[in-house]
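# Chains, contacts and geometry: an overview
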Amino acid sequence: MRNRLSTLITLFVFSATLSAQSLNASRFEERTFSIGGGMTNLVDTYLSPLEYKGWHIALQGERFSQTKIKSGRWFAQSLFSLHGDYTLAAKGQALTVGGMADYTYTYYYRSLHAKRWDLYVGPQAQLRVGGIYNLRNSNNPAQLKLGVNIAASAMAKYGFTLWRVPMNIRLQADMPLLGTAFGPDYGQSYYEIFYLRQAKNCVHLTTPHNNLSLRTALSYDIEFRPCTLRITWKEDLYHWQLGGQQYRMFNHTAMIGLVRNLYRVKRDEEARQVIPY
């Protein structure tokens, strides 16, 4: 009896110690993988003056973690997304296919931490690489897309409980402020750029004046242990005016994904991962 009581006390003390360490976790980390699709509107005057409409599919991976800067008030987000487009002109006689890869890295400062609300603001680095191919064109049928930006980002989170199920709503908005982008001048062919080495005026400085872009994402999290279900609605607007050409893309995307929450806890001066479920 004494041995059993001693064992129970030991387990209770160990659990309490571990719980206290978990509450004082040195870093929080959230990993998400999502898949989805939606509608696309596209205009690229280098390839065609027509507007193309169609659909796209998308994959996205996100890592959101707490840093040690300023006692954990700074957070880091890395976001990688892929999407492929299939669009047709209004009369259905012209077809374009395309693909794009986007990577962003953001440092967020948590400016507000209330009972239900969290507000974050911070700088963001953006990299965008992809291309478009017009199956109707015989001369200059493809267009390369390449851009690097410094952007501003803001995020708001609201947590609540419904039917005893923890839920969260998150809204994020990103807008590029300064960067560089690749874009041929009017009438300049890729043969001249890459074969004849006549690449003058192909790299442009971008600001909101010639790169008016905005990305917003509204997500809804429902906690189902050991994972969380995330439903997201994204709006992506890209409007480039480079070298006398215009490129406009407007994407509406619905996504569904799984979120995995992790905590890094220091114990005996060594970090280890603890899954809080």
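Residues numbered from 1 in each chain as written. Predicted model: local features only at pLDDT ≥ 70, side-chain atom pairs only at ≥ 80, totals over all residues. Heavy atoms only, no water.

A few words on the overall build of the protein. Broken down by element type, the protein carries 2 helices and 12 strands. Along the protein, from the amino end to the carboxyl end, the secondary structure elements read α-β-β-β-β-β-β-β-α-β-β-β-β-β. Considering the protein as a whole, with its 277 residues, one finds that 40% of them fall into the buried category. The long-range share in the protein, meaning contacts at least 24 apart out of those at least 6 apart in sequence, stands at 62%. With an accessible surface of roughly 16,100 Å², the protein has 63% of that area assigned to carbon and sulfur atoms. (Helix = DSSP H or I, 4+ residues; strand = E, 2+ residues; numbered from the N terminus. Buried < 20%, exposed > 50% of the residue type's maximum accessible area, 1.4 Å probe, protein only. Contact = heavy atoms within 4.5 Å. Areas by Shrake-Rupley, 256 points an atom, 1.4 Å probe, with all protein chains shown as cover.)

On to the confidence of the model for the protein, then. Residues shown with low pLDDT carry predicted positions that ought not to be read at fine detail. Per-residue confidence for the protein gives a mean pLDDT of 83, with 84% of residues at or over 70. In the predicted structure, residues 1-25 sits below a pLDDT of 50 and forms 9 contacts with residues beyond four places in sequence or in another chain. Under a pLDDT of 50 for its full length, residues 267-277 has, in the predicted model, 26 contacts with residues more than four places off or in other chains. (pLDDT = per-residue confidence, 0-100.)

This paragraph deals with unusual backbone geometry. The phi angle at Trp163 is positive, at roughly 55 degrees, despite the residue not being glycine. Residue placement: Trp163 occurs in the loop between β6 (142-162) and β7 (165-182). According to the relative accessible area criterion, Trp163 is exposed, its value standing at 73%. Of note, Arg164 is a non-glycine position whose phi angle comes to about 65 degrees, a positive value. Mapping Arg164 onto the fold places it in the loop between β6 and β7. Accessibility expressed as a relative area gives 82% for Arg164, which makes it exposed.

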